[in-house]
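Spelled out from the first residue to the last, the chains are:
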Amino acid sequence: MFVVTGATGNVGRELVRVLADAGERVTAVSRQPAPVPPGVRHSQADLADPAGLRTAMEGADALFLLVAGEDPEAILDQVKSAGVRRVVLLSSQGAGTRPHIYRHPVAFEEAVRESGLEWTILRPCGFDSNAYAWAESIRTHRTAAAPFAEVGLPTIDPADIAEVAAVVLRQAGHAGRTYELTGPTPITPRERAEAIGGALGAPVRFDEQTREEARAQMLAFMPEPVVDGTLAILGEPTPEEQKVSPDVELLLGRAPRAFADWAARNVAAFR
């Protein structure tokens with residue numbers, strides 16, 4: 001059986017569906033009650049309260065783990081005491097490229113590596129679904145705003161992350177591996193807005209923010225060090241952060257989905 005934490009998120013929700021469609025036994029874990037596919041068990045638990053995870057993990061073979069909560073060692077102690085043998089950690093590209101800023105995922109990676117469990121680490125770059133931040137402005141004004149209009153990054157479809165996670169969970173041979181996950185090509189914020197406009201069949205105007213405007217907006221929901229690190233990636237990415245990784249195609253046997261595919265599947269959010 002597989003346990004999926006963050007089962008209501010952009011990656012977790014799709015991972016639960018992929019595993020259930022493959023006939024696997026799945027426990028979906030989230031902080032709040034949530035609908036799940038037929039045959040999937042739901043367990044309400046919070047990674048901030050590791051002791052509450054024990055019931056969710058009973059009978060499980062492997063765990064899909066988010067970077068959430070402040071005590072990865074306590075989480076992994078519960079994992080081991082429940083008899084779980086393998087863990088797949090959804091970390092972040094920043095843990096590799098900017099570890100001095102992305103200390104939270106770095107701490108989880110270190111704990112997983114030292115846990116004595118079989119482990120695999122997934123390091124995705126920015127998600128295509130971050131474009132949901134534009135949903136209201138596109139619905140109401142057909143506008144999208146972001147800084148660094150012409151800086152391209154190879155953002156990834158969360159559905160591809162979920163499919164990679166399903167492969168790693170279900171197949172042998174991935175223990176001790178760290179996979180870098182990206183989309184198929186770098187794409188700029190302006191190009192992402194154009195792709196959403198194409199899916200809508202209506203133009204979306206792009207307004208370029210200054211760094212200061214974007215920073216003030218992001219500070220409303222992100223810690224200051226993460227805001228500054230994110231803006232550094234968005235505005236002055238390193239070659240590693242702009243590089244397209246081969247790992248998605250290696251694991252799935254196909255190229256990653258383009259941003260336009262994500263926009264077409266999720267266009268209802270912008271209408």
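Let me sum up the structure you'll find in this document. No experiment lies behind these values; they were computed from the predicted model shown.

1. Details of the pattern of salt bridges
Tallied over the entire structure, the rule returns 19 salt bridges. The partner of R170 in a salt bridge is E24, and the shortest N-O contact between them spans 2.7 Å. On the criterion of sequence distance, the pair formed by R170 in helix α7 (residues 158–170) and E24 in the loop between α1 (12–21) and β2 (26–30) is long-range, its members being 146 residues apart. E24 gets classed as partly exposed once you look at its relative accessible area, which sits at 26%. R98 is paired through a salt bridge with E241; the nearest N and O atoms lie 2.7 Å apart. Placement of the pair is R98 in the loop between α4 (94–97) and α5 (103–113) and E241 in helix α11 (residues 239–242), with a sequence separation of 143 residues. E241 carries the same exposure label as R98, and that label is buried.

2. Quick notes on the packing of aromatic side chains
Under the criterion given, the structure shown has five aromatic pairs. Relative to F270, the ring of Y132 lies with its centre 6.2 Å away and its plane at 15 degrees, an arrangement referred to as stacked. Remark: F270 occurs in the segment after α13 (259–265) and Y132 occurs in the loop between β6 (118–124) and α6 (135–141); sequence separation between them is 138 residues. What makes Y132 partly exposed here is its relative accessible area of 30%. A connected cluster of aromatic rings, assembled from ring pairs, spans Y132, F259, W262 and F270.

3. A look at α7
Under the 1.5 Å per step criterion, the end-to-end length of α7 is 18 Å for 13 residues, consistent within 8% with the ideal 18 Å. A large share of α7 lies buried, amounting to eleven of its 13 residues. Listing the buried residues of α7 in full gives P158, A159, D160, I161, A162, V164, A165, A166, V167, V168 and L169. The residue sitting at the N-terminus of α7 and contributing the capping side-chain oxygen is D157; that oxygen lies 2.9 Å from the backbone nitrogen of A159.

Definitions and cut-offs
- Residues numbered from 1 in each chain as written.
- Predicted model: local features only at pLDDT ≥ 70, side-chain atom pairs only at ≥ 80, totals over all residues.
- Heavy atoms only, no water.
- Salt bridge = Lys/Arg side-chain N within 4 Å of Asp/Glu carboxyl O.
- Helix = DSSP H or I, 4+ residues; strand = E, 2+ residues; numbered from the N terminus.
- Buried < 20%, exposed > 50% of the residue type's maximum accessible area, 1.4 Å probe, protein only.
- Phe/Tyr/Trp six-rings, centres within 6.5 Å; stacked < 30°, edge-to-face > 60°.
- Expected span 1.5 Å × (residues − 1).
- Polar contact = N/O pair within 3.5 Å; in protein donor to acceptor, adjacent residues only side chain to side chain.

So, to be careful, I would describe these as geometric facts and stop short of saying anything about function.
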